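Inside the fold
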Amino acid sequence: MSKIPVYFMPGLAASSSIFERIKLDGTIFEMCLLEWEIPKPKESLSDYALRISKNIKHENPVLIGVSFGGILVQEIAKHINARKVIIVSSVRSNVEFPRRMKIGKSTKAYKLIPMQLILNVEKLAKFSFGEKVNKRIKLYEKFLAVRDLGYLQWAVESVIRWDRNQIDENVIHIHGDKDDVFPIKYINKCIIVKGGTHIMILNKYKWLNENLPSIILED
């Protein structure tokens, strides 16, 4: 029996190394990691998804995306036949956005975000206080793969302006009840991970390793 190909897409600006603790049985699954690429000028999210889909070399793969990667794999699934689409710490439509993101879209406040500061993690560390914050910044620096201002502006705008307003019930949604980016109160029908935050791909990997196989294989 051939292995089931499982493609993983990381979150905004992150590298595929965020999946380093995710382990699937190699006799059943073939893990494949996708990476972000620099968008072309004025490239739509749909066109970008089509371009990234060219890196998928198997037929009928399982697509797993985290955060913005979860939005992207849903767009990729418009261009290829996917066996299953699973999103983690993400949303299935813009209806699930928190109020601040909806306001950001209508006011275009997202254009005021200081992207240079976000990209300069070392400078950010100088302005942070407390060991917990600095630990999180070090973690962020470790997994931040794309330090391109154009990419970051495109990515933030692509999330805020995502036009899907209907939930695809076939998309499987795994979400933490402590997610501060996409609060659980706005999320419809998901598999809830107790204590899971927006970065639970890193600190709830044991739950994911235990449960992903059955979620993938379930009819």
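Structure first, text after, so check above.
Residues numbered from 1 in each chain as written. Predicted model: local features only at pLDDT ≥ 70, side-chain atom pairs only at ≥ 80, totals over all residues. Heavy atoms only, no water.

**Re the environment of D47**
The condition is simple: Going along the chain from the N terminus, every DSSP run of H or I of four or more residues is numbered as a helix, and every run of E of two or more is numbered as a strand. For each residue, the accessible area found with a 1.4 Å probe, counting protein chains only, is set against the maximum for its type, and the residue is called buried under 20%, exposed over 50%, and partly exposed in between.
Counting through the fold element by element, D47 comes out in helix α1 (residues 45-53). Classification of D47 by relative accessible area gives partly exposed; the value is 43%.

**Things to note about the pattern of salt bridges**
Quick note on the threshold: Salt bridges are identified by distance alone: a Lys or Arg side-chain nitrogen within 4 Å of an Asp or Glu carboxyl oxygen.
Applying the stated criterion to the full structure yields five salt bridges. Notably, a salt bridge pairs E169 with R92, separated by 3.9 Å at the nearest N-O pair. Highlighted residues: E169 in the loop between α7 (149-160) and β5 (172-176) and R92 in the loop between β4 (84-88) and α3 (99-107), separated in sequence by 77 residues. Under the relative-accessibility criterion, R92 is labelled buried at 2%. A salt bridge links R161 to E157; its shortest N-O distance comes to 2.9 Å. Via salt bridges that share partners, E37, E43 and R51 belong to a single interconnected network.

**Describing helix α2 (residues 68-76)**
Residues spaced three or four apart along an α-helix point in a common direction, a consequence of the helix completing one turn every 3.6 residues. Convention followed: Any two residues whose heavy atoms approach within 4.5 Å at even a single point are treated as in contact.
For α2, the tally of buried residues reaches nine of nine residues, placing the bulk of the element in the interior. Along α2, the residues that are buried comprise F68, G69, G70, I71, L72, V73, Q74, E75 and I76. Next to the buried residues of α2 lie β1 (4-9), α1, β3 (62-66), β4 and α7.

**Describing the side chain of H175**
What counts, and what does not: Polar contacts here mean pairs of N or O atoms no more than 3.5 Å apart (in protein, one a potential hydrogen donor and the other a potential acceptor; neighbouring residues in sequence count only if both atoms are side-chain atoms).
Mapped onto the elements of the fold, H175 is located in strand β5. Here the side chain of H175 touches H173 through a polar contact of 3.0 Å, side chain to side chain.

**Focus: the pairing of β5**
The line we're drawing: For two strands to be treated as a pair, DSSP must find at least two bridges joining them.
In terms of burial, β5 is largely enclosed, as four of its five residues are buried. As paired elements, β4 and β5 share three bridges and run parallel to each other. Its bridge partner being in β5, I87 is matched across the sheet by H173. Both β5 and strand β6 (residues 191-193) contribute to a ladder of three bridges, which runs parallel. By the bridge assignment for β6, G176 is matched with V193.

**Let's talk about unusual backbone geometry**
Its identity is not glycine, yet S67 carries a phi of approximately 55°, on the positive side. Along the chain, S67 turns up in the loop between β3 and α2. Look at K189: it is not a glycine, yet its phi comes out positive at around 45°. Along the polypeptide, K189 turns up in the loop between β5 and β6. We classify K189 as exposed; its relative accessible area is 65%.

**Re the sheet that holds β1**
The cut-off we apply is this: Helix axes are fitted only over the stretch in contact, all axes being lines through C-alpha atoms; the angle between N-to-C directions runs from 0 to 180 degrees.
Here six strands make up an open sheet; going across it, the order is β2-β1-β3-β4-β5-β6 and the pairing parallel. Strands with a single pairing partner mark the edges of an open sheet, and in this sheet they are β2 (29-33) and β6. Neighbour-to-neighbour, the strand axes of the sheet open up by a mean angle of 20°, direction not taken into account. Sheet contacts for α2: β1, β3 and β4; angle to β3, the most-contacted strand, approximately 150°.

**Let's talk about the nonpolar core**
The criterion, for reference: As used here, the term nonpolar core means buried Ala, Val, Leu, Ile, Met, Phe, Trp, Tyr and Cys residues forming a set that is joined through side-chain atoms within 4.5 Å.
By size, the foremost hydrophobic cluster in this structure holds 35 residues, and its most contacted members are W36, F68, L72 and Y151. Looking at this core, the elements that each hand over two or more residues are β1, α1, α2, β4 and α7. Sorting elements by how many residues they give to this core places α7 first, with seven residues. With sequence-adjacent residues up to four places away left out, F68 is seen in contact with G11, L12, W36, L45, Y151, W154, A155, S158 and V159.

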